[in-house]
Amino acid sequence: MPPASTGALTTVSASAAPSLPEQLTPGRPGYRRMSFALFSAGMATFALLYSTQALLPAISSGLGATAAQASWTVSAATGGLAVCVVPLSALSERFGRRTMMTASLSVAVAIGLLVPFAPNVSSLIVLRAVQGAAIAGLPASAMAFLAEEVRPKALVAAIGLFVAGNSIGGMSGRILAGWVAQAWGWRAALGALGLMSVVCAVVFRLMLPRARNFTAAPLDPRALGRTVATHIGDPLLRRLYAIGALFMTVFGAVYTVIGYRLVGAPFNLPQGLVGSVFLVYLVGTVSSATAGRLVGRLGRRGALYLAVSTAAAGLLLSLSDSIAAVLLGLVLITAGFFAGHAVASSSVSRTAKTGRAQASALYQAAYYLGSSAGGVLGAAAFHAGGWAGTVALGLLALAGVLAITLYGSHSARAAARRTPVGVSPAAGSPKRWPVG
């Protein structure tokens, strides 16, 4: 496997990219340590990145902010991540994935300890934007680390475990925040999340094994620009980026607004119970961790079709005024989202044979721009049309994922028809992963 580079992109065929002897495989001690370390990092990432999401009604009340203003405490963080993820991924090419992930998580945790002391909503939004920018060095570097250090056949499962850590962090952070806020207020809740993230960061640093297959590349802004332009110019990668952004638009809209819906009529739930609703993230842990088996049975496009159908069914079910139906709807939305995200993100890592950090960074940028858009647009839709407005926004985004995946299926069939009988596509062209 060639080292990641900030220079010009070189296409590598599947037969030219064998597994390296030093790559990690399931069952080996290094694989377990790596999985636990990145699981912990994923927990801290989502706990910090979405630390205010379950607290938005309390923040609105405490700081005299509207739902739209409070939603920016989430969207500013994800927007900061989206803006900074590409440049920080370039630094990981020079200084190493392990170093970048450690520095990124350390700065984000430090800011997390300052966030509870924000005096007003404007300063809270600024701190959250800076925190999101700091977090930006971790996701793309983690994806590149996995692509370099894990054998290809185990890559989807390994990325699924990292995404599972995201879901556990998002769930536990929101539940902890909800109950602490109910007892001591939203500032204490943010402080508790900061302390939880300190523990995760320490575990990550102690457990992460050293990189064996990383080769440092010199920083070259022009070469970086060429690599980024090449990735953006790749039709398959563009479709994967769009899929990630649209899935996250749904997820960001639903979970930014759900607190406001549940604290109001007809549910009138207290803050602690609203936070506990995020137990449905456990479904995301399962669906992302089993994405590899799902792809093995249905193929990548088939897995995406199932993810879209599941999330759409959840959105429609959540329109009910029954709390049981709403919770089941959230379960389906969460399962569909995490499965789709795991499939799309792993496909990016397998498609890009060089400049992997930049390819993953562009996916993360699109993904978190989708989150920012979902939070802001979801709040606006909720203000304009209630929960039905938010559901309509989510269904529109899922329709976009479906259209992209159908187009990918059509393109794959057209390519197969153009291939001469008896000739393997891999024999005459680079290996591609046609997902959508």
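Here the structure is a predicted model, which is why all the values come from computation and not from measurement.

J.: Run through the overall build of the protein, naming residues and quoting values.
T.: Along the backbone of the protein there are 16 helices and zero strands. When each of the 436 residues of the protein is scored for burial, the buried share is 58%. For the protein, the proportion of contacts with a sequence separation of at least 24, taken over those separated by at least 6, is 84%.

J.: Account for the packing of helix α3 (residues 67-95) against helix α5 (residues 121-135), naming residues and giving values.
T.: Between α3 and α5, the least distance of the axes is 6 Å, while the angle of their chain directions is 30 degrees. Comparing the axis directions of α3 and α5 gives the class roughly parallel. Regarding α3 and α5, the two cross each other, and that crossing is right-handed. Contacts from Q69, W72, T73, V74, A76, A77, G80, L81, C84 and L88 in α3 reach V121, L124, I125, R128, A129, G132, A133, A134 and I135 in α5. The residue inventory of the contact of α3 with α5, partitioned by class, reads 14 nonpolar, four polar and one charged.

J.: Could you give me a rundown of the side chain of S71, with the residues and numbers involved?
T.: Within the secondary structure, S71 is located in helix α3. Given a relative accessible area of 1%, S71 falls into the buried group. At 2.6 Å, the side chain of S71 and the backbone oxygen of A68 are in polar contact. S71 has contacts with L56, T256, G375, V376 and A379, leaving out every residue within four places of it along the chain.

J.: How would you sum up unusual backbone geometry? Please name residues and give values.
T.: Cis peptide bonds are those with omega within 30 degrees of zero, and the linkage from A265 to P266 qualifies with 5 degrees. If you trace the backbone, P266 turns up in the loop between α10 (235-263) and α11 (271-276). Phi is positive for N268, which is not a glycine, with a value near 55 degrees.

J.: Residues and numbers for the environment of A37, please.
T.: Mapped onto the secondary structure, A37 falls in helix α1 (residues 29-49). The spatial distance from the C-alpha of A37 to the C-alpha of F204 is 4.3 Å, given a sequence separation of 167 residues. For A37, the contacting residues outside a window of four places in its chain are F204, M207 and L208.

J.: I'd like a rundown of the packing of α1 against helix α8 (residues 186-207), residues and numbers included.
T.: It is at 8 Å that the axes of α1 and α8 come closest, and there the two elements cross at 155 degrees. Here α8 runs roughly antiparallel to α1, going by the angle between their axes. As α1 runs across α8, the sense of the crossing is left-handed. Contacts between α1 and α8 pair R33, F36, A37, L38, S40, A41, M43, A44, A47 and L48 from the former with L193, M196, S197, C200, V203, F204, L206 and M207 from the latter. Of the residues in the contact of α1 with α8, the class split is 15 nonpolar, two polar and one charged.

J.: Before we move on, could you go through the pattern of salt bridges and cite the residues and values that matter?
T.: As enumerated under the stated definition, the model contains two salt bridges in all. For E148, the salt bridge goes to R97, with nearest N and O atoms at 2.4 Å. Remark: R97 occurs in helix α4 (residues 97-114) and E148 occurs in helix α6 (residues 139-149); sequence separation between them is 51 residues. Classification of E148 by relative accessible area gives buried; the value is 2%.

J.: For the environment of A70, give the residues involved together with the corresponding values.
T.: Note on placement: A70 falls in helix α3. For the pair formed by A70 and I59, sequence separation is 11 residues and the distance between their alpha carbons is 6.7 Å. Among all residues touching A70, those that are not within four sequence positions of it are L56, S60, A65 and Y260.

J.: Would you mind going over the nonpolar core in detail, with residue names and values included?
T.: Core analysis: the largest hydrophobic core is formed by 106 residues, its most contacted members being L38, L146, F247, Y255, L330 and Y368. No other element matches α10, which puts 16 residues into this core. By size, the runner-up hydrophobic cluster in this structure holds 16 residues, among which are L55, V115, A118 and A181.

J.: Could you give an account of the confidence of the model for the protein, with specific residues and numbers?
T.: For any part of a model where pLDDT is low, the fine detail of the predicted coordinates should not be relied upon. The pLDDT averaged across the protein works out to 83; a share of 89% of its residues lies at or above 70. Averaged over each element, pLDDT in the protein is lowest for helix α16 (residues 425-428) (44) and highest for α5 (95). Here residues 1-18 is modelled with pLDDT under 50, and outside its nearest four sequence neighbours on either side it reaches 45 contacts, counting other chains as well. This model gives residues 424-434 a pLDDT under 50, and the stretch forms 17 contacts once residues within four places in sequence are excluded.

J.: Please provide a residue-by-residue account of the environment of R151, values included.
T.: Residue position: R151 is located in the loop between α6 and α7 (155-184). Each C-alpha atom, one on R151 and one on E22, is 9.0 Å from the other, the two residues being 129 residues apart in sequence.

J.: With reference to specific residues and values, describe α3.
T.: Here α3 contains 29 residues, and its C-alpha end-to-end distance of 41 Å stays within 8% of the 42 Å for a straight helix at 1.5 Å per residue. If you look at α3, its biggest bend is around 45 degrees, right at V85, and the proline P87 turns up within four residues after that.

J.: Could you give me a rundown of the packing of aromatic side chains, with the residues and numbers involved?
T.: Going through the model one piece at a time under the given rule, you end up with eight aromatic pairs. For the ring pair F251 and F338, a centre distance of 5.5 Å and an interplane angle of 80 degrees mean the geometry is edge-to-face. In this pair, F251 is assigned in helix α10 and F338 in helix α14 (residues 323-351), connecting sequence segments 87 residues apart. Look at F251 and you get buried, because its relative accessible area is 3%. Here F338 falls in the buried class, since its relative accessible area comes to 0%. Each ring, one from Y363 and one from Y367, has its centre 5.9 Å from the other, and the planes form 20 degrees; the classification is stacked. Within this pair, Y363 and its partner Y367 are both found in helix α15 (residues 356-418), separated by four residues, close to a single helical turn. The exposure classification of Y363 matches that of Y367, with both residues buried. Each residue in the set F251, Y255, F337, F338, Y363, Y367 and Y368 is aromatic and connected to the rest through ring pairs, giving one cluster.

Conventions used here
- Residues numbered from 1 in each chain as written.
- Predicted model: local features only at pLDDT ≥ 70, side-chain atom pairs only at ≥ 80, totals over all residues.
- Heavy atoms only, no water.
- Helix = DSSP H or I, 4+ residues; strand = E, 2+ residues; numbered from the N terminus.
- Buried < 20%, exposed > 50% of the residue type's maximum accessible area, 1.4 Å probe, protein only.
- Contact = heavy atoms within 4.5 Å.
- Axes fitted to C-alpha atoms, helices over the stretch in contact; angles between N-to-C directions.
- Parallel < 35°, antiparallel > 145°, perpendicular 65-115°, else oblique.
- Left-handed = near helix turned anticlockwise from the far one by under 90°.
- Nonpolar A, V, L, I, M, F, W, Y, C, P; charged D, E, K, R; others polar.
- Polar contact = N/O pair within 3.5 Å; in protein donor to acceptor, adjacent residues only side chain to side chain.
- Salt bridge = Lys/Arg side-chain N within 4 Å of Asp/Glu carboxyl O.
- Core = buried A, V, L, I, M, F, W, Y, C linked by side-chain atoms within 4.5 Å.
- pLDDT = per-residue confidence, 0-100.
- Expected span 1.5 Å × (residues − 1).
- Bend = angle between axes of the 7 residues up to and from the residue.
- Phe/Tyr/Trp six-rings, centres within 6.5 Å; stacked < 30°, edge-to-face > 60°.

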